[in-house]
Structures are given as structure tokens and as C-alpha cells.
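# Results of the structural survey
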Amino acid sequence: MRFAAALASAGLFISAGMAHADTPVLTIYTYDSFTSEWGPGPAVKTAFEAECACTVQFVAAGDGAALLARLQMEGSTSDADILLGLDTNLTAAAKATGLFAPHGVTPDVDLPLAWDDPVFLPYDWSHFAMIGRVGGPTPASFRELAASDASVIIMDPRSSTPGLGLLMWVKAAYGDEAAQVWADLRDNIVTVTPGWSEGWGLFLKGESDLVLSYATSPAYNIVVENDHSLQALPFDEGHYMQVEVAAKLAGARQPELADAFLRFMLTPAFQSVIPETNWMYPAVMPEGGLGAGWDDLLRPATSLLLPEDEAQALRGPAVDEWRDALAQ
């Protein structure tokens, strides 16, 4: 996820010190908030550089879907060694580019689903949820939301993985009725932002009653600010899951470092950073579990997740359906 990045955005994060000319540089394309001061990037960079004799350079390139678009545009000439920040709604499209290489890792992870993807490795996960304020509107389904006066901020599915996840959420829950659900929601949607950070920032400024985010998002306010005023709303349809992933580029200039980073990604040094910087569940749960503030979060009774091939097949038609409904 991309939490405190609502407080800042970063274009390019490089260590305070300049890389020595002889030091290899591992270039990782990722989403903006991962590289922010409050995101996982700084701690991950420090921890991996302590053992790799290299310099880690994070290149922030918008939200997840925008990351893939940039890589497709650059093709085999890309400087990226690793792409970090897609999810399973985009992995089929990413593999179809032929730009990624198998990871060769047998991951031992704590996801609520089996993981056997030979190209992408997971590093965190959560469920999408509508976040509201305690005492504010509490619709219990998309249909209740559409029938209410509650305002909501969502993200653009063409550039944002949360936005695309919402599309898949509605599609998985309503199938052929999804277009009507979007038409009914049109008056509730106050704005569509390019990425999660912009939407969350507007919500915090009071621009809407609800915002699309994650069931784990309130943990930040509880743990860091002792603020219990935000809540994830349980929806009767169930909640769509997001698993965030990374992969090595087939044309990586530092292939051995890229392999080492992907293995490092599943170690405690990386995974322990995730809960209180990305505010998602780590792919590998720490031995001591998560700290106070995580126990009372929404844990959906029903998880929704489309297989990657089905998500890929539905992506284009679902975006058209969404765009047509909101344009009316």
C-alpha cells in the first residue's frame, strides 16, 4: 500500500550519499509512496545495501498501472532491474510483454492463498475497503452506497491498482450487473484521482465521506496517531483482495543483484518494515505477529479475487463499462 505518502510525493529517491563509481547500482521501478520518507523504501534501501555492496536506486513512476505502462513504453531499453508494485490484476498483462524473467524461488509465505507464480513474488497483501469516519455514513454494500447520499473518492483504474481493484471488486461481486452498479454510483463519486495518495489526501481534507483504500488503512491512524476516528466498512458482497508483487526484468543490467533482492524481499529485514510503513499485511508474518492496533481491523468474512487470466480478460471491457457509466 501507499500510506503516509499522502503526506508527500517523491519523484526519485536516492541515498544521501552519492554512489561510488565502482559500486553497482540496482534500479527498482516502484510506485510513488513506496519511496517516500514514510514509506518502506528508505528502510529497505538501508537494509539491503548493508549486505549487497551495491547502491539501491528507487525510481518512482506513479501508481501501479502507470508503472507497467512506463515499462511497456521503454521496453528492452529500460534501466529497471526490478519492477515492484504490481498486483495480480496486472501480472498476466505484464507477463505477456515478455519483459520479465522467472524468479527461481520457492517462496514460503503466509498469504491467505497458495502462491506458485514462477515470475512474480509477493511482498504484502490486504483487502480493499471503503474507509469512513466513525459517526459518518456506513453503507454495507455498493447498492446501499448508491442509494445513499454518501460521497466517495475513488481512483482511476487506468493508472492505479486500487482503482483497478475496485473495478474487479464490483465485477466479481455483480458480474453482468456491474454496469448498472456503476451507473447507480455515479452521483456518489465526487472525484476520480490518478492514484491512491491523491485520493487519500483529499479524503483527509474532508472532501468526501468515504474513500477507496484498504481494510488495514486505519492501522496507521491507530498506531501512529492514537486516532480511532476512521473505520473500514464491511460490505456484504465480500472484499476484493490485493497481493502486491515484484519481478526481475529479463534485460536487467544487474541480474544477480536483482535475484538477491527478490530473495531478500521475503526475509525479516524487508518484511518487518512493511506493516508500519506500507500499512499492509506482510507476505511473511513476523515471529511475534503484528503489534497493537492490528487486532481490531476489519477481516472480511468473504474474500474475492479473480484469477490473473480472468482479470486480464475483464480489464478492458470493465474499464469501458466504468467509463461509459460515469460519462452519462
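Residues numbered from 1 in each chain as written. Predicted model: local features only at pLDDT ≥ 70, side-chain atom pairs only at ≥ 80, totals over all residues. Heavy atoms only, no water.

### Considering the overall build of the chain
Helix and strand counts for the chain come out as eleven helices and 13 strands. Over its C-alpha trace the chain gives a radius of gyration of 19 Å, about what one expects of a compact globule, namely 20 Å for 328 residues. Overall, the chain is about 60 × 40 × 35 Å in size when its C-alpha atoms are taken along their principal axes. Counting only residues that meet the buried cut, the chain has 56% of its 328 residues in that class. Residue pairs at least 24 apart in sequence account for 80% of intrachain contacts in the chain once pairs closer than 6 positions are excluded. When the 16 basic and 42 acidic side-chain charges of the chain are each reduced to a single mean position, those positions are 6 Å apart. (Helix = DSSP H or I, 4+ residues; strand = E, 2+ residues; numbered from the N terminus. Rg over C-alpha atoms; globule rule 2.2 N^0.38 Å. Buried < 20%, exposed > 50% of the residue type's maximum accessible area, 1.4 Å probe, protein only. Contact = heavy atoms within 4.5 Å. Lys, Arg positive; Asp, Glu negative; His and termini not counted. Charge placed at Lys NZ, Arg CZ, Asp CG, Glu CD.)

### Observations regarding the domain arrangement of the chain
With domains assigned, the chain is organised as domain 1 (25-125 + 243-282) and domain 2 (126-241 + 297-327). Look at where the C-alpha atoms of domain 1 and domain 2 centre, and you get two points 25 Å apart. Contacts between the two partners involve 23 residues from domain 1, matched on the other side by 31 residues from domain 2. Summed over both sides, the interface between domain 1 and domain 2 buries roughly 2200 Å², with carbon and sulfur atoms accounting for 59% of that surface. In terms of surface lost to domain 2, no three residues of domain 1 exceed Asn89, Trp279 and Tyr281, which account for 33% of the buried area on that side. Where domain 1 meets domain 2, there are one salt bridge. Put simply, Lys95 and Glu308 hold a salt bridge, and the shortest N to O gap is 3.0 Å. Listing elements by their share of the side of domain 1 that touches domain 2, those giving two or more residues are α2 (64-74), β4 (82-87) and α3 (91-96). (Domains from an automatic or database assignment. Buried area = accessible area lost by both parts, 1.4 Å probe. Salt bridge = Lys/Arg side-chain N within 4 Å of Asp/Glu carboxyl O.)

### What about the state of the cysteines?
A complete count under the given rule lists one disulfide for this structure. Put simply, Cys52 and Cys54 are joined by a disulfide, and their sulfur atoms are 2.0 Å apart. With the S-S bond torsion at -90°, the cross-link from Cys52 to Cys54 turns out left-handed. Among the residues examined, Cys52 registers a relative accessible area of 14% and is labelled buried. A relative accessible area of 6% means that Cys54 is categorised as buried. (Disulfide = S-S within 2.5 Å.)

### With respect to the nonpolar core
Counting residues in each nonpolar core, the largest one holds 108 residues, and the members touching the most others are Leu84, Phe100, Phe142, Trp182, Phe261 and Phe270. Counting contributing residues, this core receives three or more from each of domain 1 (25-125 + 243-282) and domain 2 (126-241 + 297-327). If near-sequence neighbours (up to four positions away) are discounted, Phe261 is found in contact with Leu26, Ile28, Val44, Phe48, Ile82, Leu84 and Phe270. (Core = buried A, V, L, I, M, F, W, Y, C linked by side-chain atoms within 4.5 Å.)

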